[in-house]
Amino acid sequence: MEPDAPSAINLKSLGWSLTLLLLACLVAAVAVAGGLLFEQKATLALKQAQSLQTETRARLARVNDDEREIGEKIARYQEAVRLGRTQPEKRLEWVETLRHIKESRRLLGLDYEISPQKPLDDKAVTASGGFTFMVSPMKLEMPLLHEDDLLGLIADLSARVQALISVKSCRIERIPVTPNPTNAATLKASCEIDWITLQEKT
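Report follows, based on the coordinates. Per chain, the residues get numbers from 1 upward, laid out in the order the sequence is written. Restriction of local features to residues with pLDDT of at least 70 applies here, the model being predicted, together with a cutoff of 80 or more for giving and counting side-chain atom pairs; totals for whole chains, interfaces and linings are based on all residues. Processing note: side-chain calculations cover all non-hydrogen atoms of the structure and skip hydrogens and water entirely.

**Focus on the packing of helix α2 (residues 91–104) against helix α3 (residues 147–160)**
In the contact formed by α2 and α3, the axes pass within 10 Å of each other and the chain directions differ by 135 degrees. By the criterion of interaxial angle, the relationship of α2 to α3 is oblique. As for how α2 packs across α3, the hand of that crossing is right-handed. In contact with T97, L98, H100, I101 and S104 of α2, α3 contributes L153, D156, L157 and R160. Axis geometry follows a simple rule: fit a line to the C-alpha atoms, using only the stretch in contact for helices, then measure angles between N-to-C directions, giving values from 0 to 180 degrees. For the purposes of this entry, the term helix denotes a DSSP run of H or I that reaches at least four residues, the term strand denotes a run of E that reaches at least two, and both are numbered from the N terminus. Between 65 and 115 degrees an angle is taken as roughly perpendicular, under 35 as roughly parallel, over 145 as roughly antiparallel, and anywhere else as oblique. With the far helix as reference, a near helix turned anticlockwise by less than a right angle produces a left-handed crossing, and one turned clockwise produces a right-handed crossing. Residue contacts follow a heavy-atom distance rule, with two residues in contact if any of their heavy atoms lie within 4.5 Å.

**Details of the packing of aromatic side chains**
Any two rings among Phe, Tyr and Trp, with Trp reduced to its six-membered ring, count as a pair given centres within 6.5 Å; such a pair is stacked if its planes are under 30 degrees apart, edge-to-face if over 60, and tilted if neither. Overall, the coordinates contain one aromatic pair when judged by the stated rule. Ring geometry for W94 against W195: centres 4.4 Å apart, planes inclined by 20 degrees, an arrangement best described as stacked. A residue pair is termed long-range when its members are at least 10 positions apart, and W94 in helix α2 and W195 in strand β5 (residues 187–200) qualify at 101 residues. Note on W195: relative accessible area 0%, which makes it buried. Partly exposed describes any residue whose relative accessible area lies between the buried limit of under 20% and the exposed limit of over 50%, with all areas from a 1.4 Å probe on protein chains only and scaled to the type maximum.

**Digging into the side chain of D149**
Relative to the helices and strands, D149 resides in helix α3. Asp and Glu count as negative and Lys and Arg as positive, but His and the ends of the chain are not part of the count. Here, a salt bridge means any side-chain nitrogen of Lys or Arg that lies within 4 Å of a carboxyl oxygen of Asp or Glu. In this structure D149 is buried but unpaired, with R105 as the nearest side chain of opposite charge at 6.1 Å. In contact with D149, other than residues within four places in its own chain, are L107, M142 and L144.

**Focus on the environment of W195**
C-alpha of W195 to C-alpha of V161: the two residues are 34 residues apart in sequence and 9.3 Å apart in space. Ignoring anything within four residues of it in the chain, the contact list for W195 reads W94, L98, I114, M134, V135, S136, M138, L157, V161, A163, L164 and I165.

**Things to note about α3**
Any helix carries an expected span of 1.5 Å times its number of residues minus one. A rise of 1.5 Å per residue sets the reference length of α3, with its 14 residues, at 20 Å; its end C-alpha atoms lie 20 Å apart and thus fit the reference within 8%. All of the buried residues along α3 are D149, L150, G152, L153, I154, D156 and L157.

**A word on unusual backbone geometry**
Unusually for a residue other than glycine, R106 sits at a positive phi of about 55 degrees. You can see R106 is positioned in the loop between α2 and β1 (111–114).

**A few points about the nonpolar core**
Here the nonpolar core consists of buried residues drawn from Ala, Val, Leu, Ile, Met, Phe, Trp, Tyr and Cys, with membership extended through side-chain atoms lying within 4.5 Å. Core analysis: the biggest nonpolar cluster contains 22 residues, and M142, L153, L157 and W195 have the highest contact counts within it. Among the elements of the structure, α2, β3 (131–144), α3 and β5 are those that each provide at least two residues to this core. The biggest single contributor to this core is β5, with five residues. The residues contacting L153, other than those within four sequence positions of it, are L98, I101, R105, L110, L140 and M142.

Shown next, in the form of structure tokens:
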């Protein structure tokens, strides 16, 4: 029986070694799993932080855009006040200005019709300071010696009247040549022009 004693001891030692090896593997597996879980949490936290940073930057950009837009609106409003465009429409003065421009530029003719004033299209309205934009549409027809007659008229209107002159459309046509022309006009202009003013809200 004595020769078998070392074998029993060796088997017992081997058993303990295997047990320790299994425990070591288990500990290592738990450590690896913990490391992977920590890495996943860290990655998720990083993504959340990056998302929050991106959202914060986007909000800041929107705030800056809003501030810039407000500043631009204030500047436009102040410019309108400086030019006297917050006053009610002065239709009689506009008509007189048109007559003076026709005479000073020696235009061959000038036919126009100014429609009643109305609020500007809601999509284009920018109200501020208790004022709202109003528009007086005008249809204009005039014979031309050349295009500069029309350009000069529009430039004079913009410089002289207390309103914002907005040219919606203009069509220039060539007048057919006749054997005995009654005037020297070679072109005819047909335009739609808006006279825009600010009116205090009631």
